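The primary structure of each chain is shown beneath.
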Amino acid sequence: MAADRQQNPRLMLSNFLSLEQCKELEFIHKSCSTVGYRPSVFSTTLSHLIATNSAHLIIPLVLIREKLKEKVEEFFACEYELCIEFTGLVSWTKGSSIGWHSDDNRPYLKQRDFSAVCYLNSYGKDFRGGLFHFQDGEPTTVKPSAGDVLIYTADNRNVHSVDEIIDGERLTLTLWFSRDSSHDEDAKLVSRLSEISSTGLTDVPGSYLPLPASSNMYWFSPDHSSEHDSAINICCARIYALGFGIYPLEDKTNIMDVSDLLMKPLQLARNDELFNQEFENVLHALQVVQYYYSWKASELQRHATVLEEGKVIPLSQSQSQNVRDLELTFVKDRQLAQTTFGCTSCDGCGIPKVFSWASFSAAIDAWRDYTNKLHKDLLRSLPHWRNHQSIFDVAFDEL
């Protein structure tokens, strides 16, 4: 659906992304996001993926960015004129909204010429509220649906707003495009990837395990208070919202800053059981949990095998107390985590009602294989990106 290209230049494309692509991007965002630029908004930038040893998760975005750029250039008749200024996965949770604005409405945003918003989940099914409105022209209102993309100029011909989120989490992939090559995101990203490739980007097994950023990037106050006592840790909250508990393997009496516990090895618990598998840190655990729940649970439940003996053990009384203590420290109230990152009144998000440790155990191996493949693709792509100072899909079968 295309609007008047002169008065209100915009384009709505249905099913631009497959549901499988949407689920993969949902997994990436929910396992890597930090507090965002507005209250109750969370974001995952490509530079943040690099900084947290998760640069390989850029790979699923590469071809999508290319195709979006081509579509924008085609629709606005500016082939080969644009660079990508920003790429980000963004989610809006209960209470978030934004009033009438254009995307270039600040002096430091004037380089933005075009915008693209890819919806990764659906209004009514995954969240309530969050409708997108244009001030003028058609369509007046956009009801987000997974896979659809909205493209428009970033200037005042497309002033828009987003209604307050009532429930759930509204997920998007957002890109801005510029004619000013000095704002090319790719050049900055390639430079950063080149820096880390000389020290930490290797093909050694396990080198792709995520590393949490500064702890203050994960603390969020649902009531928007500046008081740390009311804040929750979003990594822990996402794990707790899905029914897990966290059991720290490090003795907390040896830790000066309790947030450091999340940088240390830990295990996952559920109800009265402990999963006897060590995770390197909270981000490692969160990536596996989200790989399972946001993306692969149904598939893995169909192919789960019998667990080896001793893989799941009963929680002792002291272990249960440690799990409860950690929960009180990092989320205060599990219901608060579920309210922030769940959808209590939506039609359902496709999360299986039945949980099994066997299928979750299979997710660990599947996540490892998936991550290892992306890591290898990144290592093979980087020399080509460096040569061209651009991030693009490298056809390995033609090399």
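See the structure shown above.
The following paragraphs examine the structure supplied in this document. (Residues numbered from 1 in each chain as written. Predicted model: local features only at pLDDT ≥ 70, side-chain atom pairs only at ≥ 80, totals over all residues. Heavy atoms only, no water.)

## Comments concerning the sheet that holds strand 18 (residues 312–314)
Where we set the bar: Between any two strands, pairing holds if DSSP finds at least two bridges. Secondary structure elements are defined from DSSP: runs of H or I of at least 4 residues count as helices, runs of E of at least 2 residues count as strands, and each element is numbered from the N terminus. Every angle, taken between N-to-C directions, lies between 0 and 180 degrees, and every axis is a line fitted to C-alpha atoms, over only the stretch in contact when it is a helix.
The antiparallel open sheet is built from four strands, whose spatial order is 15-16-17-18. Edge positions in the sheet fall to strand 15 (245–248) and strand 18, since each of these pairs with one other strand and no more. In this sheet, adjacent strand axes meet at a mean angle of 35° when their direction is disregarded. In terms of strand pairing, strand 16 (residues 266–270) meets strand 17 (residues 273–279) through four bridges, oriented antiparallel.

## Focus: helix 6 (residues 282–303)
The line we're drawing: Residue count minus one, scaled by 1.5 Å, sets the expected span of a helix. A residue's bend is the angle separating two fitted axes: one through the seven residues that end there, the other through the seven that start there.
Between its terminal C-alpha atoms helix 6 stretches only 26 Å, short of the 32 Å expected from 22 residues at 1.5 Å a residue. The largest bend along helix 6 measures about 100° and falls at Lys296.

## A few points about the pattern of salt bridges
If charged atoms from side chains of opposite charge come close, those side chains can pair. Cut-off, in case you're wondering: For this analysis, a salt bridge means a side-chain nitrogen from Lys or Arg found within 4 Å of a carboxyl oxygen belonging to Asp or Glu. Summary of the burial criterion: residues with accessible area below 20% of their type's maximum are buried, those above 50% are exposed, and those between are partly exposed, where the area comes from a 1.4 Å probe applied to protein chains only.
Within the structure shown, the criterion is met by 17 salt bridges. Among the ionic pairs, Asp365 bridges to Arg368, the shortest N-O distance being 2.8 Å. Linking Asp365 with Arg368, this pair stays in helix 9 (residues 357–388), spanning three residues, or about one helical turn. A relative accessible area of 42% means that Asp365 is categorised as partly exposed. Here Arg368 falls in the partly exposed class, since its relative accessible area comes to 33%. Taking the shortest distance from any N to any O, the salt bridge between Lys373 and Asp377 comes out at 2.9 Å. One end of the pair is Lys373 and the other is Asp377, both in helix 9 and four residues apart, which spans about a single turn. Note on Asp377: relative accessible area 12%, which makes it buried.

## Brief notes about the environment of Pro383
Take Pro383: it is sitting in helix 9. Residue class for Pro383 comes out partly exposed when judged on its relative accessible area of 37%. Separated by 193 residues in sequence, Pro383 and Val190 have C-alpha atoms that sit 9.7 Å apart.

## As for the packing of helix 1 (residues 19–32) against helix 3 (residues 59–75)
What counts is decided by this rule: If an angle is under 35 degrees, it is roughly parallel; if it is over 145, roughly antiparallel; if it lies from 65 to 115, roughly perpendicular; otherwise it is oblique. By definition, any crossing whose near helix is turned counterclockwise from its far helix by less than a right angle is left-handed, and any crossing with a clockwise turn is right-handed. Contacts: residue pairs with any heavy atoms within 4.5 Å of one another. When residues are grouped by polarity, Ala, Val, Leu, Ile, Met, Phe, Trp, Tyr, Cys and Pro land in nonpolar, Asp, Glu, Lys and Arg in charged, and all others, Gly among them, in polar.
Two numbers describe how helix 1 lies on helix 3: the axes approach to 10 Å, and their chain directions differ by 130°. With respect to helix 3, the axis of helix 1 lies oblique. Handedness of the crossing formed by helix 1 with helix 3: left-handed. Here Gln21, Glu24, Leu25 and Ile28 of helix 1 lie close against helix 3, whose contacting residues are Pro60, Leu61 and Ile64. Residue composition of the contact of helix 1 with helix 3, grouped by class: five nonpolar, one polar and one charged.

## Focus: the packing of helix 5 (residues 234–241) against helix 6
Where helix 5 contacts helix 6, the axes come no closer than 10 Å and their chain directions differ by 35°. With respect to the hand of their crossing, helix 5 and helix 6 are arranged in left-handed fashion. Contacts between helix 5 and helix 6 involve Cys235, Cys236, Arg238 and Ile239 on the former and, on the latter, Val282, Leu283, Ala285, Leu286 and Gln290. Residues of the contact of helix 5 with helix 6, tallied by class, amount to seven nonpolar, one polar and one charged.

## Some words on the nonpolar core
The tendency in soluble globular proteins is for nonpolar side chains to be buried side by side. Which entries qualify depends on this criterion: Working definition of a nonpolar core: buried Ala, Val, Leu, Ile, Met, Phe, Trp, Tyr and Cys residues. They are joined through side-chain atoms within 4.5 Å.
Residues Phe244, Phe360 and Trp385 are the most contacted members of the largest nonpolar core, which totals 94 residues. Ranked by residue count, the leading element in this core is helix 6, at 12 residues. Contact partners of Phe360, with chain neighbours within four places excluded, come to Phe244, Leu268, Phe275, Phe279, Val288, Val289, Tyr292 and Phe355. Listed in part, the 14 residues of the second largest apolar core include Val41, Trp92, Tyr119 and Leu150.

## What to know about the side chain of His29
Which entries qualify depends on this criterion: We define a polar contact as two N or O atoms separated by no more than 3.5 Å, with the added condition that, inside protein, one atom must be a possible hydrogen donor and the other a possible acceptor, whereas residues neighbouring each other in sequence contribute only through side-chain atom pairs.
Inspection of the secondary structure puts His29 in helix 1. Given a relative accessible area of 2%, His29 falls into the buried group. Polar side-chain contacts of His29 include one of 2.8 Å to the side chain of Ser91.

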